[in-house]
Amino acid sequence: MAYPYQIKSEEQYKEHYKRSVENPEAFWAEIAENFSWRKKWNKVLEWDFRKPKIEWFIGGKLNITENCLDRHLTENANKTAILWEPNNPHEKARSFTYKELFDEVCLFANVLRNNGIKKGDRVCIYLPMVPELSIAMLACARIGAIHSVVFGGFSAIALRDRIDDAGCSLVITSDGAYRGEKQISMKDTIDDALLGCESVKRVIVLSRTNKPISMIGGRDVWWDDEIKAAQNIIGDKCEAEEMDAEDMLFILYTSGSTGKPKGVVHTTGGYMVWTTYTFVNTFQYSPDQIHFCTADLGWITGHSYTLYGPLCAGATTIMFEGIPTYPDAGRFWDIVDKYKVDILYTAPTAIRSLMASGVSWFEGKDLSSLKVLGSVGEPINEEAWHWYDENVGKKKCPIVDTWWQTETAGIMISNLAGVTPSKPTFATLPLPGVQPVIVDDKGNELAGGDVSGNLCIKFPWPGIVRDNYGNTERYRQSYFSTYENLYFSGDGCLRDNDGNYRITGRVDDVLNVSGHRIGTAEVENAINMHTGVVESAVVAFPHAIKGEGIYAYVILKGMHIDEDHTKKDINETVSRIIGAIAKPDKIQFVKELPKTRSGKIMRRILRKIAEKNDDTGDTSTLLNPGIVDEIKQGARNM
Ligand code: WTA
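The model shown is predicted, which means the values in this text are computed figures rather than measured ones.

Caption draft 1: Representation of the overall build of the protein chain in the model. Within the protein chain, the secondary structure is distributed over 19 helices and 30 strands. Rg of the C-alpha trace for the protein chain: 24 Å, near the compact-globule value of 26 Å for 638 residues, within the 12% margin. By the burial criterion, 61% of the 638 residues in the protein chain qualify as buried. Counting only contacts in the protein chain whose residues sit at least 6 apart along the sequence, the fraction spanning at least 24 positions is 71%. Accessible surface, the protein chain: about 24,200 Å² in total, of which carbon and sulfur atoms supply 48%. Side chains of the protein chain give 73 positive and 85 negative charges; the mean places of these two sets differ by 2 Å.

Here is the structure:
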């Protein structure tokens, strides 16, 4: 497969960028021509951030799986689409050619149809990183069902909220999951989540760990049995559903600044064009390469750069079930060596944790196949950047530091590997089609270099979030109401004199823990559900491996056994309500929280204390200024 839209030089980047701003419609029409459409669009773009309304490739008809699968079958049927590496290196790896993947997707799409699922229905997918996860997502897309993948680390209650919010009628899960040394029960969590849930009529269960599980008659069925049944009734072929370019492709829940997660909606045509375009350009993918994105498909990075982008580009993509430190901290390097990986795309938190394990894990591992390294999910610190460059890339591989979000669907600001220059800790320049602006708190655009403020985007790109599922008003408020006529990212950033952007982190109440987005309000709600808790306030503090850790200040009215025990109990409560990923790293019991006279918690002060910064500024206007010193003292004793 050739990519006529692949940018090959810095001059070309400048020229493409200029065209994308001067005439976006012609620019994107030309790129979209490289995909397979049942019917071409009538108009490329209509938009109004004030409403908000954004539509791309209006009137276009397509099915994204025909782009991921069918169109590769004429020339690349036997090319490997997915290489699957199991958690346990001694278990047999699996791989799928494009033809094999196509066949599996058709079979499972028929299973969904046979279970009454049709276009527009919502399907919740709660599976470990096994090939069936990709197959299930693509099968949904094939028949026009909307998938909502939930990361395996979320609790039953978090899962239930997401299933209810989307009104899912079917769930796809497994008995259990392997993660490092642990076995995680997926079906038990689903059973708890579905207690009293009315919308879910069917649960399809894949066998992975073969642990005994409950199977509720009339509701729960086995994956394998369903495949046989669908084959008998419908057969092996599955005609793809014709989708409108703006028909919903998936919902993916992510944290915002309020307690309830947001159902980010992406649609078919724009998502396909944007993820493929950014994949091919950022990583400079060439068709014989092996691409290894380490993200779980439960996150947007997995959706866009493990699955949809690479498959639309006809690439070979690796799915890894395990974790970077199992059975030891050399696992990534084993995988790179084993599959001769060309592109490695991972998160700073993984890099920092491997960095802490030392360089001995590289011994005897051949990393010479690597050509491009990528970083995503959080700011990468200088030390981690250089360690990645020296030890993994051997100073021969460009590093792309890619800034983007669940809401942007794909990479927004990044250097293009080997084509435009990198600058450690800077995401550098916007991709063609992306028009970033930096604004001050009042929304005034800050021009020129050497400025810092809030990062906004002033023009739509094909992958921009289209809605908040079931709550368009929240969609408007979250992204388009802070600054007039701009998409607000929630991130702070600065721009140097060469126009390079450096993202400095969230400016809203969202934490970034190990590259995972977690809302402070969500964690506070969970802590407050613990018996005896009166009030709590959660802030981030710098964490050597996770980037940000969770620091919770908690007011208690009663304590069970002792402080340590109570802290552990609170952690258990948070695990139950959200999942282990949201457990506070530090809990400090306090008598009061610093508040303004109007009763607002002064998080700025709490953040300073959590950062061990004594300079908490002027506290005289607080309702309870005396409490600040007491909290500082308590923090020192922790
Ligand atoms: C942060 C992940 C600095 C940022 C793709 C953003 C980054 C949030 C970078 C989105 C980067 C992502 N440098 N910060 N290269 N990439 N972020 O929705 O704060 O899980 O708003 O999407 O991660 O996280 P999300």
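Caption draft 2: Representation of the sheet that holds strand 21 (residues 436-439) in the model. Strand order in the open sheet formed by 4 strands is 21-22-24-25, with antiparallel pairing between adjacent strands. A strand with exactly one partner marks an edge of an open sheet, and here the two such strands are strand 21 and strand 25 (501-506). Each strand axis lies, on average, 45 degrees off the axis of its neighbour in the sheet, ignoring direction. Of the pairings in the sheet, the one linking strand 22 (residues 451-457) to strand 24 (residues 487-495) comprises 6 bridges and is antiparallel in character. Bridge pairing in strand 24 places I457 opposite Y487.

Caption draft 3: Molecular detail of the packing of aromatic side chains. The tally for this structure, following the rule as stated, stands at 44 aromatic pairs. Seen in terms of ring centroids, Y483 and F488 are 5.2 Å apart; in terms of plane orientation they differ by 85 degrees. Their pairing is edge-to-face. Each member of the pair, Y483 as well as F488, is classed as buried. Lying across the ring of F154, R162 places its NZ or CZ 4.3 Å from the centre.

Caption draft 4: The environment of L62, seen in detail. Tracing the sequence through the fold places L62 in strand 3 (residues 61-62). Residues L62 and E241, spaced 179 residues apart in sequence, show a C-alpha to C-alpha distance of 8.3 Å. Among all residues touching L62, those that are not within four sequence positions of it are S36, W37, R38, N67, E241, E242, M243, D244, A245, T268, G269 and M272.

Caption draft 5: Just the site of the ligand, in detail. Close to the ligand lie 17 residues; D401, T402, T406, D491 and R517 are nearest. Here Q405 contributes a side-chain N or O atom positioned 2.9 Å from an oxygen atom of the ligand. Residue N512 places a side-chain N or O atom 3.3 Å away from an oxygen atom belonging to the ligand. Secondary structure elements with two or more residues in the shell around the ligand: helix 11 (300-312), strand 20 (399-402) and strand 25. Residue composition of the shell around the ligand, grouped by class: 6 nonpolar, 6 polar and 5 charged.

Caption draft 6: A look at the domain arrangement of the protein chain. What the domain assignment reports for the protein chain is domain 1 (10-67 + 271-469 + 481-502), domain 2 (68-241) and domain 3 (510-636). For domain 2 versus domain 3, the separation of C-alpha centres amounts to 38 Å. Counting residues at the interface gives 6 residues for domain 2, matched by 7 residues for domain 3. The junction of domain 2 with domain 3 conceals about 500 Å² of combined surface from both sides, 59% of it contributed by carbon and sulfur atoms. If you sort the residues of domain 2 by the area they bury against domain 3, F154, S155 and I157 come out on top, with a joint share of 59%. Counting across the domain 2 and domain 3 interface gives 0 salt bridges.

Caption draft 7: Spatial organisation of the packing of helix 7 (residues 156-166) against helix 8 (residues 186-194). One way to put it is that helix 7 packs onto helix 8 with a least axis distance of 8 Å and a crossing angle of 55 degrees. With respect to their mutual orientation, helix 7 and helix 8 come out oblique. The two elements helix 7 and helix 8 meet at a crossing, and its hand is right-handed. Across from A156, L159, R160 and I163 in helix 7, the residues of helix 8 making contact are T189, I190, D192, A193 and L194. Residue classes in the contact of helix 7 with helix 8 are distributed as 6 nonpolar, 1 polar and 2 charged.

Caption draft 8: Region of interest: the side chain of T209. When you line up the elements, T209 lands in the loop between strand 11 (202-206) and strand 12 (220-222). Relative accessible area serves as the criterion here: at 9%, T209 is assigned to the buried category. In this structure T209 touches D175, G176, A177, Y178 and Q183, once residues within four positions along its chain are discounted.

Caption draft 9: Local environment of the pattern of salt bridges. The full count for this structure, using the stated rule, is 43 salt bridges. One salt bridge in this structure joins E30 and R19, with 3.4 Å as the shortest N-O distance. With E30 in helix 2 (residues 24-32) and R19 in helix 1 (residues 10-22), this residue pair connects regions lying 11 residues apart in the sequence. Of the residues examined, R19 reaches a relative accessible area of 29% and is grouped as partly exposed.

Criteria and thresholds
Residues numbered from 1 in each chain as written. Predicted model: local features only at pLDDT ≥ 70, side-chain atom pairs only at ≥ 80, totals over all residues. Heavy atoms only, no water. Helix = DSSP H or I, 4+ residues; strand = E, 2+ residues; numbered from the N terminus. Rg over C-alpha atoms; globule rule 2.2 N^0.38 Å. Buried < 20%, exposed > 50% of the residue type's maximum accessible area, 1.4 Å probe, protein only. Contact = heavy atoms within 4.5 Å. Areas by Shrake-Rupley, 256 points an atom, 1.4 Å probe, with all protein chains shown as cover. Lys, Arg positive; Asp, Glu negative; His and termini not counted. Charge placed at Lys NZ, Arg CZ, Asp CG, Glu CD. Pairing = 2+ DSSP bridges. Axes fitted to C-alpha atoms, helices over the stretch in contact; angles between N-to-C directions. Phe/Tyr/Trp six-rings, centres within 6.5 Å; stacked < 30°, edge-to-face > 60°. Lys NZ or Arg CZ within 6 Å of the ring centre and 35° of its normal. Near = heavy atom within 4 Å. Polar contact = N/O pair within 3.5 Å; in protein donor to acceptor, adjacent residues only side chain to side chain. Nonpolar A, V, L, I, M, F, W, Y, C, P; charged D, E, K, R; others polar. Domains from an automatic or database assignment. Buried area = accessible area lost by both parts, 1.4 Å probe. Salt bridge = Lys/Arg side-chain N within 4 Å of Asp/Glu carboxyl O. Parallel < 35°, antiparallel > 145°, perpendicular 65-115°, else oblique. Left-handed = near helix turned anticlockwise from the far one by under 90°.

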